[in-house]
Amino acid sequence: YFVPPEMEAQIVQGTLVNVSFGKNSHYSGIVSNIRDNPPENLQNIKPVLTVESERSILRPTQLRFWEWLSGYYLCSVGEVFKAVVPAGRMEAYSPKTELFVRLSPSYSSMDAVNEVFEYLKKSPKQEHLLLSFFQFSRIVGNSREISRKELLDRSFSSASILTSLIKKGILETYEKPVSRLQSYSGEIRLLNRLNSFQQHAYNEIVECFKEKSVCLLHGVTASGKTEIYTHLIDETLKSGLQVLYLLPEIALTAQITDRLKLFFGDRMGIYHSKINNHERVEIWNNLLSDNAYEIILGVRSSVFLPFERLGLVIVDEEHEPSYKQQDPAPRYHARNAAIMLANMHGAKTVLGSATPSIESFYNAQTGKYGYVKIEKRFEETELPIVIPVNTKELKRKKKMKTVFSPLLIEKMQTALQAGEQVLLFQNRRGFAPLMSCPICEWTPRCRFCDVSLTYHKNLSRLTCHYCGRTYHLPSECHECGNNELKQIGFGTEKVEEEITELFPDIPIERMDADNTRTKKSLEDIIDRFETGETGILIGTQMISKGLDFEKVSLVGILNADALMNFPDFRAYERAAQLMLQVAGRAGRRKKQGEVILQTSHPDHPLIQSVIQHDYETVYNMQMEERQLFNYPPFCRIIHVNIRHKNEDIVHKIADIYADLLREKLGNRVTGANKPAIGHIQNLHLRRITLKIEIQVSMNTVRTILEETKIRLSAQPDYKSCIIQYDVDPV
Ligand code: ADP
Ligand code: ZN
Ligand code: ZN
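1. Description of the side chain of Gln325
1) Next: Inspection of the secondary structure assignment puts Gln325 in the loop between strand S12 (310-316) and helix H12 (334-345).
2) Next: With relative accessibility at 10%, the residue Gln325 sits in the buried group.
3) Next: Within the local environment of Gln325, its side chain forms a polar contact with the side chain of Arg300, the two groups lying 3.2 Å apart.
4) Next: A distance of 2.8 Å separates a polar atom in the side chain of Gln325 from the backbone oxygen of Pro328.

This is the structure we're talking about:
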């Protein structure tokens, strides 16, 4: 595109513009580069149509970061741009306004004001309101102002009194744009003093940063990693640099926000998926301004914000798979992307976890990252005692009348009587994950996905957890007509129902994806548990993520087996992380907590490691397997996912693509295979898996994939297939 002369002054790298693309479509675009001469042999260069931002909406590092991201994660820069820039949003943005009150111009002199007070002597309520105006309003420019709401609230006056003063021409109201971003009105506190272990760890991190740019902080649950972060943040701010604090999920932001606001107040901004578009734009604009936030606390997409001078990136709970974006592209891993972003800024990265990912642990062991460990909890409370309960045996003896073992019920009674709280963990939502005919074993399945339906008793429906479609409860088996289907397995809803029967007087709540769709509902559940209003909280993996509750003394892991039985090379890693993290919610302050772990394999090595809180053994066992079967961190995995409505077509195209890739990549190519769930949202899926040596550059891989795709495009059905790449899938 060429820049029309009248736009020359406005258009710089990073300006948002509108251009025409194709025959009649118009698109928003970002100016990524400006050149003085058009490239040779290029005809029909079109003009930029309009300029949509007054200045660049980017910081220079951002474009570099996006280019890296699109290169590594095998997508286009445009896909990154689309995902990250609130472009459409910037156009749809409208500032929020509020009604403000000021003196009308004729009363701007002191004399006039004195006169007016004299005049109001007979109307004491109006006099009081005017006095309040002088008392509470702020001087902005050369006049005083206060929001209408604040004035009425603080003067305890009614709107009619204000109206009288307006009618008399003394005060006037006007609309003023205000920020949507919340401001903090509480007191700012000094940082907590670190205890000796924490101070030691802090010093080690600082020391490590002299040589390395990434440090893994491996601290057991409740060792006070968050406190260490606050000290690192404080130091970074003192040197005038910004901090990005990443959290895996919105569930955590409220608690951490409250903790950090105490120390950093309005120097910190919050960015997550549940703030609205207007707020997003305001955060973005704030970061472009001279008055930018010094700290951003946010979820994975915060890596895309326009930071000017990052000094520190904290990736809390770095092992969490939710740092990986699944759909749409860019399918990036926010932890790894954050490390690259930090490098581009010359900043340091702390990865924190009680159960580090195998990849990060490996990088620490090989010396690529620094490694700092804290083995003691704050105030030296012992880690919780984990007691395994053999549910297989109990079932055989007919002692599992509910989903709770007798020991768990007994421990719950004791804890609740002592005024303590209980967390129950079951990583399945709904009532029963499966229905089945006892005679012919028929199971209701989703018509659009290759999965069995989950029974949701609250909805009286069957639900597909892949596409969200719901179905009526079948009144009989569709195969043999038998009129009673049995429920297999159990989810959080069933746990809730059974626990309510056992403890009718205890307030009980559930926290899972079904009842936390809004940020408020989520925060309310956490709040009520924090204040002790709720006695027992049931939850899915949502309750495992770094939440800090003071009075939880007992944690029940209801079905450990279900965590381990996944056909995935990361299943054991993930299961160990989940169990140790949930266990870590028990006994976080003064008193040692207890964990009842229900499983049918109490002797399983993984269960034994959890009982011992021995994450290192889990790591070593996993590393042996990964090396033996060539999995990350010994190679890099790339999935090529091919989708089509028609199974024959997807099968054919995928096989051809795999064979073509094999010509270049040999036995690095596996597949194409039909994954465990081979039909989702009415599309059939085939997957080619590439295992690439770590030292091979992604550029090389990309070239091979693209050249091969060009050869593949000769196939007649190629065009109707959806082909996606997923690098480092989790
Ligand atoms: P982690 O992030 O390692 O799980 P937290 O930082 O949440 O641990 O600490 C656990 C609890 O102990 C928190 O409630 C925290 O406020 C408290 N705590 C930890 N270290 C300190 C400290 N140095 N001073 C005061 N309280 C602390
Ligand atoms: Zn049947
Ligand atoms: Zn479905």
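2. Some points on the site of ligand 1
1) Next: As a structural note, the neighbourhood of ligand 1 is formed by 17 residues, with Arg193, Lys225, Arg259, Asp548 and Arg589 the closest of them.
2) Next: The backbone of Ser223 places a nitrogen or oxygen atom 3.2 Å from an oxygen atom of ligand 1.
3) Next: Taking 550 Å² as the accessible area of ligand 1 by itself, protein coverage stands at 87%.
4) Next: Split by residue class, the shell around ligand 1 holds four nonpolar, six polar and seven charged.

3. Considering the packing of aromatic side chains
1) Next: Tallied over the full model, the rule gives 20 aromatic pairs.
2) Next: With centroids separated by 4.8 Å and ring planes inclined at 85°, the aromatic side chains of Phe529 and Phe549 adopt a geometry described as edge-to-face. Of this pair, Phe529 sits in helix H17 (residues 519-530) while Phe549 sits in the loop between strand S23 (536-539) and strand S24 (552-557), and the two are 20 residues apart along the sequence.
3) Next: Judged by relative accessible area, which is 1%, Phe529 ranks as buried.

4. Thoughts on the pairing of strand S14 (residues 370-374)
1) Next: Along S14, the buried face is formed by Gly370, Val372 and Ile374; none of Tyr371 and Lys373, which line the opposite face, is buried.
2) Next: As paired strands, strand S8 (residues 214-219) and S14 are joined by five bridges and run parallel to one another. Looking across to S14, one finds that Leu217 is bridged to Val372.

5. Description of the nonpolar core
1) Next: By size, the foremost hydrophobic cluster in this structure holds 78 residues, and its most contacted members are Trp66, Ile642, Tyr657, Ile688 and Leu690.
2) Next: Broken down by element, this core gets its largest block of residues, nine residues, from helix H22 (residues 647-665).
3) Next: Once you skip the residues sitting within four places of it in the chain, Ile642 turns out to touch Val650, Ile653, Ala654, Tyr657, His684, Leu685, Arg686, Ile688, Cys721, Ile722 and Ile723.
4) Next: Listed in part, the 71 residues of the second largest apolar core include Val243, Ile358, Ile543 and Val555.

6. Re the coordination of the zinc ion (ligand 2)
1) Next: The zinc ion (ligand 2) binds to the protein through Cys437 (SG), Cys440 (SG), Cys477 (SG) and Cys480 (SG); the donor distances cover 2.2 to 2.4 Å.
2) Next: One way to put it: the four donor atoms around the zinc ion (ligand 2) meet at angles of 99 to 116°, and that makes the site tetrahedral.
3) Next: Sequence spacing of the donor residues for the zinc ion (ligand 2), all on one chain, is C-x2-C-x36-C-x2-C. With Cys440 in the loop between strand S17 (434-436) and strand S18 (454-456) and Cys480 in the loop between strand S20 (470-472) and strand S21 (486-488), this residue pair connects regions lying 40 residues apart in the sequence.

7. So, the pattern of salt bridges
1) Next: In total, this model carries 47 salt bridges according to the counting rule given.
2) Next: Arg138 is the partner of Glu150 in a salt bridge, and the nearest nitrogen-oxygen pair spans 2.7 Å. Note that Glu150 is positioned in helix H6 (residues 148-155) and Arg138 in strand S5 (residues 138-140), a separation of 12 residues in sequence.
3) Next: Among the salt bridges present, the one from Arg702 reaches Glu706, with a minimum N-O distance of 3.6 Å. Pair noted here: Arg702 and Glu706 are both in helix H23 (residues 698-712), with a separation of four residues, about one helical turn.
4) Next: Connected via shared salt-bridge partners are Asp548, Glu550, Arg588 and Arg589.

8. Notes on the sheet that holds strand S10 (residues 268-271)
1) Next: Read across the sheet, seven strands follow the order S10-S11-S9-S12-S13-S8-S14 without closing on themselves; strand pairing throughout is parallel. Where the open sheet ends on each side, the last strands, each with one partner, are S10 and S14. Between one strand and the next, the sheet's axes are offset by a mean angle of 15°, whatever the strand orientation.

9. Points about the sheet that holds S20
1) Next: Strands sit in the order S18-S19-S20 across an open sheet of three strands; the sheet is antiparallel. Single-partner strands in this sheet number two, and they are S18 and S20. Averaged over all adjacent pairs, the angle separating strand axes in this sheet is 35°, with direction ignored.
2) Next: In this sheet, strand S19 (residues 461-463) lies alongside S18 in antiparallel orientation, the contact comprising three bridges. By the bridge assignment for S19, His456 is matched with Arg461.

10. Section: the coordination of the zinc ion (ligand 3)
1) Next: Protein ligation of the zinc ion (ligand 3) involves Cys446 (SG), Cys449 (SG), Cys464 (SG) and Cys467 (SG), the donor distances falling in the range 2.3 to 2.4 Å.
2) Next: If you look at the zinc ion (ligand 3), its four donor atoms make angles of 107 to 112° with each other, and the shape they trace is tetrahedral.

11. Side note on the side chain of Thr492
1) Next: Checked against the element boundaries, Thr492 lands in helix H16 (residues 492-502).
2) Next: When near neighbours in sequence (up to four residues on either side) are disregarded, Thr492 contacts Gln426, Arg428, Arg429, Gly430, Arg510, Asp512, Ile538, Gly539 and Thr540.

12. Digging into H22
1) Next: With 19 residues, H22 extends 26 Å between its outermost C-alpha atoms, agreeing within 8% with the 27 Å of an ideal straight helix rising 1.5 Å per residue.
2) Next: Looking at the buried residues of H22, the elements they touch are strand S26 (636-644), strand S27 (669-673), strand S29 (683-692), H23 and strand S30 (722-727).
3) Next: Near the N-terminus of H22, the side chain that reaches the backbone nitrogen of Asp648, with its oxygen 2.7 Å away, is that of Asn646.
4) Next: Once H22 ends, the next one or two residues include Gly666, with phi positive near 55°.

13. Looking at the pairing of S12
1) Next: Counted residue by residue, S12 has seven buried out of seven residues, so it is predominantly covered.
2) Next: Of the pairings in the sheet, the one linking strand S9 (residues 242-246) to S12 comprises five bridges and is parallel in character. Note on S12: the bridge partner recorded for Leu246 is Val315.
3) Next: Inspection of the sheet shows S12 paired to strand S13 (residues 348-353) by five bridges, in the parallel sense. When the sheet's bridge partners are listed, Asp316 is paired in S13 with Gly352.
4) Next: With H12 bridging S12 and the parallel S13, this β-α-β connection has right-handed handedness.

14. Some details on the packing of helix H13 (residues 358-365) against helix H21 (residues 615-628)
1) Next: Running from N to C, H13 and H21 cross one another at 95°; their axes reach a closest spacing of 11 Å. Viewed along their axes, H13 and H21 adopt a mutual orientation that is roughly perpendicular. Facing H13, whose interface residues are Ile358, Glu359, Phe361, Tyr362 and Gln365, H21 presents Tyr615, Glu616, Tyr619, Gln622, Met623 and Arg626.
2) Next: Across the contact of H13 with H21, the residue classes tally to six nonpolar, two polar and three charged.

Cut-offs applied
Residues numbered from 1 in each chain as written. Chains lettered and ligands numbered in written order. Predicted model: local features only at pLDDT ≥ 70, side-chain atom pairs only at ≥ 80, totals over all residues. Heavy atoms only, no water. Helix = DSSP H or I, 4+ residues; strand = E, 2+ residues; numbered from the N terminus. Buried < 20%, exposed > 50% of the residue type's maximum accessible area, 1.4 Å probe, protein only. Polar contact = N/O pair within 3.5 Å; in protein donor to acceptor, adjacent residues only side chain to side chain. Near = heavy atom within 4 Å. Areas by Shrake-Rupley, 256 points an atom, 1.4 Å probe, with all protein chains shown as cover. Nonpolar A, V, L, I, M, F, W, Y, C, P; charged D, E, K, R; others polar. Phe/Tyr/Trp six-rings, centres within 6.5 Å; stacked < 30°, edge-to-face > 60°. Pairing = 2+ DSSP bridges. Core = buried A, V, L, I, M, F, W, Y, C linked by side-chain atoms within 4.5 Å. Contact = heavy atoms within 4.5 Å. Donors = N, O, S within 2.8 Å, 3.2 Å for Na, K, Ca; no water. Tetrahedral: all angles 85-135°; square planar, octahedral: opposite > 155°, others 65-115°. Salt bridge = Lys/Arg side-chain N within 4 Å of Asp/Glu carboxyl O. Axes fitted to C-alpha atoms, helices over the stretch in contact; angles between N-to-C directions. Expected span 1.5 Å × (residues − 1). Right-handed = clockwise from strand over helix to strand, strands pointing away. Parallel < 35°, antiparallel > 145°, perpendicular 65-115°, else oblique.

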